[in-house]
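Chains, contacts and geometry: an overview
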Amino acid sequence: MTRVNYWLALRHAEGCERSRARKKTGRPPEELGPPPSGFALLPWLLMGMGAFSNLFQGKTPNPWIGGIGLVAFNSLYIALVFRAFSKEAREARSTRLMLIALGVVTCTLAIVYGGSWLLFFPLLGLATGAIVRGPWLGRVGVGLTLLAGATAAVRDGWGAVNVAYGTFLSTMVTAAILSLSEAVRELRAAREELARRAVEEERLRFSRDLHDLLGHTLSVIVVKSEAVRRLIHRDLDAALVQVGDIESVGRQALTEIREAVTGYREGSLATELDRARSALQAAGIEPVVRQSGPPLAAQTEALLGWVIREAVTNAVRHSGATCCEIAVEGGPERVRLRISDDGRGALSASDPPPSIPGIGGTGLKGLAERLAAAGGSLEAGPGPRGGFVVTAELPVEAAELGEDGDPADVSEGAQVLKLPGTAA
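So, a few notes on the structure that sits alongside this text. Keep in mind that this is a model prediction, so the values were computed, not measured.

**A short note on the packing of aromatic side chains**
- The tally for this structure, following the rule as stated, stands at 5 aromatic pairs.
- With centroids separated by 4.9 Å and ring planes inclined at 90°, the aromatic side chains of Phe39 and Phe82 adopt a geometry described as edge-to-face. Of this pair, Phe39 sits in the loop between helix 1 (2–25) and helix 2 (49–56) while Phe82 sits in helix 3 (residues 63–83), placing them 43 residues apart in sequence.
- On the basis of relative accessibility, which here comes to 60%, the residue Phe39 falls in the exposed class.

Written out as C-alpha cells, the structure is:
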C-alpha cells in the first residue's frame, strides 16, 4: 500500500505539472519516450552501400577479402552500437577489444581498396563516440581523426580532408548527443527519486503531527470525562464545567487538525503551557510551571510545545503522579525544557515497550527526530529520585521583533506559574 500511495502521489504531482505547462504554453510538455537503443545508429550503415555495390558488381579486386571484411565490419559495428547503451557493457574490456578490432578492419579495407571504402572511417567514428565517454573522448577522437586523414591521404590525396573532418564530426557529435540524452534521463530519475523521498518525509511529518495532536487531545477528553463521571452525582456545577472544557478541547482539536493538514500550524508555548496545566489539574496532578529567559522564535516555541504536549500526555496516562513540574530555561545560545513528575518512573507492564533505548514510545521517538533535525536533543527516562524526566534542548533562534524594533516584553528571572489553589 505504501508504494501505491507513493505512485499515486507522483502521478498527481506530474499531472499538476502537466496542467501548469498546458495553461502556460497551450500544449502539454513533451514526453521523453522510451530510452534510445542501438537501432538509432543502424541506418548509418547505408554509408557503406557504395562499397557493397562495387563488391556486388565485381568492380572490387579480391572480392572474397572485401566480402569477409564487409561482414566483419558490419558485425562488429552492430555489436558495438547495441553495447553502447548499457553502461556495464560499454565499459567492459571485451567492448574495447571489439572497438580496436573494428579500427583494424576499417584501416585494412581503406588501405587495400580506398574510394568508397574510406567512408567506413565516419562509421568507425560513430561507434567510437558511442562507446568512449568522459575525459578520454578528446584524445581518442583526435587520434582517430589523424589516423583517418593519414590513411585516406595515401589513397585519395586531398580528399583525406573530407574523410578526416567527417570522422571527427561523427565521433564528437555522437558522443555529445548520447551523453546529453543519458544525463537528461539520469536527472529525470533523480527528480522522481527526490519526489518519492519528499512524499515519504511529508507522510512521516503528518503522521507525527496527527499522533501528537490526537494523542494529547483524546487523553484530555478521557481524563475530563472521568472527572465528569466522578462529579456528576455530588457536584453538578463542577461536572458541567468539565463538560464545557471537553467541548472547548474538541473544538480546538478540530481547528488544529485543519491547520496541521494545510501545513500552517505553529504552536505557541504559552498556549501549550496553559493546556498542560488544565490537563494535569483535571487528572488530579499538581502542575508547577517555571519559565525564564528571552523570547523565542515561533519555530522553537512550536517544537517545545510538541514536547510539552507529549510529555504531559504520558504523565496523565501512565505516571500515576501527584505533581508534575515543567521548567523552561532560556539562555543566550540554547533553551532547555525539563518536565519531571513523581510517579512510577516507568511505563506499566500493560503499556507498549519503548521503541528505542533511552526514549519512550512512538511519540517521543518522533519528537527526538524533530529536535535532532533542528539541531537539538531529547532525553527521557526515570529520574534520579524517582518519577519520570523528559529533557529537551534546542538552539536559540532570533525572536521576532515588535513594531518598535524591540523584542516582546518578558519578565526577567524565573517565574512560577500556577493555578489558584495550587502550591508553588
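**Remarks on the packing of helix 5 (residues 93–113) against helix 6 (residues 120–131)**
- It is the contact of helix 5 with helix 6, at a shortest axis distance of 10 Å, that shows an interaxial angle of 170°. Taken together, the axis directions place helix 5 and helix 6 in an arrangement best described as roughly antiparallel. Contact residues: Thr95, Arg96, Leu99, Leu102, Gly103, Thr106, Cys107, Leu109 and Ala110 in helix 5; Phe120, Phe121, Leu124, Ala127, Thr128 and Ile131 in helix 6.
- Of the residues belonging to the contact of helix 5 with helix 6, the class tally is 10 nonpolar, 4 polar and 1 charged.

**Here's the deal with the environment of Gly114**
- By secondary structure assignment, the location of Gly114 is in the loop between helix 5 and helix 6.
- Its relative accessible area of 2% is what places Gly114 among the buried residues.
- Sequence separation of Gly114 and Ala51 is 63 residues, and the distance between their C-alpha atoms is 9.5 Å.

Rules used throughout
- Residue numbers restart at each chain and count upward from 1, following the sequence in its written direction.
- Restriction of local features to residues with pLDDT of at least 70 applies here, the model being predicted, together with a cutoff of 80 or more for giving and counting side-chain atom pairs; totals for whole chains, interfaces and linings are based on all residues.
- Derived side-chain values reflect all non-hydrogen atoms in the structure, with water molecules and hydrogen atoms excluded from consideration.
- Here a Phe, Tyr or Trp ring, Trp counted by its six-membered ring, pairs with any other such ring whose centre lies within 6.5 Å, and the pair is stacked when the planes are under 30 degrees apart, edge-to-face when over 60, and tilted otherwise.
- Going along the chain from the N terminus, every DSSP run of H or I of four or more residues is numbered as a helix, and every run of E of two or more is numbered as a strand.
- Relative accessibility decides the category of a residue: with a 1.4 Å probe and only protein chains considered, values under 20% of the type maximum give buried, values over 50% give exposed, and everything between is partly exposed.
- Helix axes use the C-alpha atoms of the stretch in contact, all axes being lines fitted to C-alpha atoms, and the angles between their N-to-C directions lie in the range 0 to 180 degrees.
- Here the angle decides the label: under 35 degrees means roughly parallel, over 145 means roughly antiparallel, 65 to 115 means roughly perpendicular, and every other value means oblique.
- Should any heavy atoms of two residues lie within 4.5 Å, those residues are counted as being in contact.
- Under the scheme applied here, ten amino acids are nonpolar (Ala, Val, Leu, Ile, Met, Phe, Trp, Tyr, Cys and Pro), four are charged (Asp, Glu, Lys and Arg), and all others, including Gly, are polar.

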